[in-house]
Amino acid sequence: YEIMPSLVGSEMCIRDRMPSDTMPSALDPRPRRLIDHFVMNLPATALEFLDAFRGAYTDLAQHVGYEALEAEIQARQQAPQLEPWPMVHVHCFTKDVEHAATDICARASAALGAHLAPSDVSLHLVRSVAPNKDMYCLSFRLPRHVLYHP
């Protein structure tokens, strides 16, 4: 393992250090400096916390500099194995088992402050927890306009 300074100077990240002869050539050996995935696994309240993503990159840009953040996003857009925008996996419950996708997308959209259509997300049933209550995992990429929300 190697400890690397993160984009936010006061924090550190740890990544696996693979010998160069065992590293697949398709992988970018640079440390990832932005978080790729968020897993929100408290299904009773996770949707309520989606508002925390609004303006996350606006705040980060103020701390590290807009140019540094944009340079990292541009580098990620050029790297085929990296995505420029983070993926969110949010576990949640619904009591509207007949229209789960509509219900979950509406509640997620309200908390996020941006429209999430069922066609723009991945939604899968995790398990049924009661006769009229199911747990789902909603997955989607955070849109730029949410991350840079003023």
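Our structure is the block above this text.
Our next topic: the overall build of the protein. Assigned secondary structure in the protein consists of four helices and six strands. The linear arrangement of helices and strands in the protein, starting from the amino end, is β-β-β-α-α-β-α-β-β-α. Surface accessibility of the protein: about 9,100 Å² in total, with carbon and sulfur atoms responsible for 56%.

Turning to helix H1 (residues 56-64), a few remarks are in order. Buried residues of H1: Tyr57, Leu60 and Ala61, and no others. The arc that holds the buried residues of H1, viewed along the axis, is 105°, so those residues lie on one side. Along H1, the residues that are exposed and aim more than 90 degrees away from the buried face are Asp59, Gln62 and His63. On its buried side, H1 packs onto helix H2 (66-78) and helix H4 (144-147). Just downstream of H1 lies Gly65, where phi reads positive at about 105°.

Right, let's get into the pattern of salt bridges. Under the definition given, this model contains four salt bridges. Across the salt bridge formed by Asp36 and Arg76, the nearest N and O atoms sit 2.3 Å from each other. Of this pair, Asp36 sits in the loop between strand E2 (12-15) and strand E3 (37-40) while Arg76 sits in helix H2, and the two are 40 residues apart along the sequence. Take Asp36: its relative accessible area is 19%, and that puts it in the buried class. Residue Arg76 is classed as buried on the basis of its relative accessible area, which comes to 1%. Between Glu83 and Arg141 there is a salt bridge, and its shortest N-O distance comes to 3.7 Å. Of this pair, Glu83 sits in the loop between H2 and strand E4 (87-94) while Arg141 sits in strand E6 (residues 133-141); the two residues are 58 residues apart in sequence, bridging distant segments of the chain. Residue Arg141 is classed as partly exposed on the basis of its relative accessible area of 30%.

Looking now at the pairing of E6. Two faces, one strand: in a regular strand the side chains alternate between the faces of the sheet. The buried count for E6 comes to seven of nine residues, which makes it a mostly enclosed element. Pairing of E4 with E6 involves eight bridges; the strand directions are antiparallel. When the bridges of E6 are listed, His89 appears paired with Ser139. Alignment of strand E5 (residues 122-130) against E6, held across seven bridges, turns out to be antiparallel. Bridging across to E6, Ser122 finds its partner in Ser139.

This part is about the sheet that holds E4. If you walk across this open sheet you meet the four strands as E3-E4-E6-E5, and the pairing is mixed. Where the open sheet ends on each side, the last strands, each with one partner, are E3 and E5. Adjacent strand axes in the sheet meet at a mean angle of 20°, parallel and antiparallel pairs treated alike.

With that out of the way, let us pick up the nonpolar core. Leu50, Tyr57 and Phe140 are the most contacted members of the largest nonpolar core, which totals 31 residues. Among the secondary structure elements, those contributing two or more residues to this core are H1, H2, E4, helix H3 (100-112), E6 and H4. A total of six residues in this core trace back to one element, the largest contributor, which is H3. In this structure, Phe140 is in contact with Leu50, Pro86, Met87, Val88, Val90, Leu112, Leu116 and Val121, ignoring residues within four places of it in sequence.

Once that is clear, we can look at the pairing of E4. Counting buried residues along E4, eight of its eight residues qualify, which places the element largely inside the surrounding structure. Side chains Met87, His89, His91 and Phe93 project from E4 onto one buried face, and the interleaved Val88, Val90, Cys92 and Thr94 project onto a second face that is buried too. Bridge count for E3 against E4 is four bridges, and the pairing is parallel. Each bridged residue has a counterpart across the sheet, and for Val39 the counterpart in E4 is His89.

Conventions and cut-offs
- Residues numbered from 1 in each chain as written.
- Predicted model: local features only at pLDDT ≥ 70, side-chain atom pairs only at ≥ 80, totals over all residues.
- Heavy atoms only, no water.
- Helix = DSSP H or I, 4+ residues; strand = E, 2+ residues; numbered from the N terminus.
- Areas by Shrake-Rupley, 256 points an atom, 1.4 Å probe, with all protein chains shown as cover.
- Buried < 20%, exposed > 50% of the residue type's maximum accessible area, 1.4 Å probe, protein only.
- Arc of directions from axis to C-beta.
- Contact = heavy atoms within 4.5 Å.
- Salt bridge = Lys/Arg side-chain N within 4 Å of Asp/Glu carboxyl O.
- Pairing = 2+ DSSP bridges.
- Axes fitted to C-alpha atoms, helices over the stretch in contact; angles between N-to-C directions.
- Core = buried A, V, L, I, M, F, W, Y, C linked by side-chain atoms within 4.5 Å.

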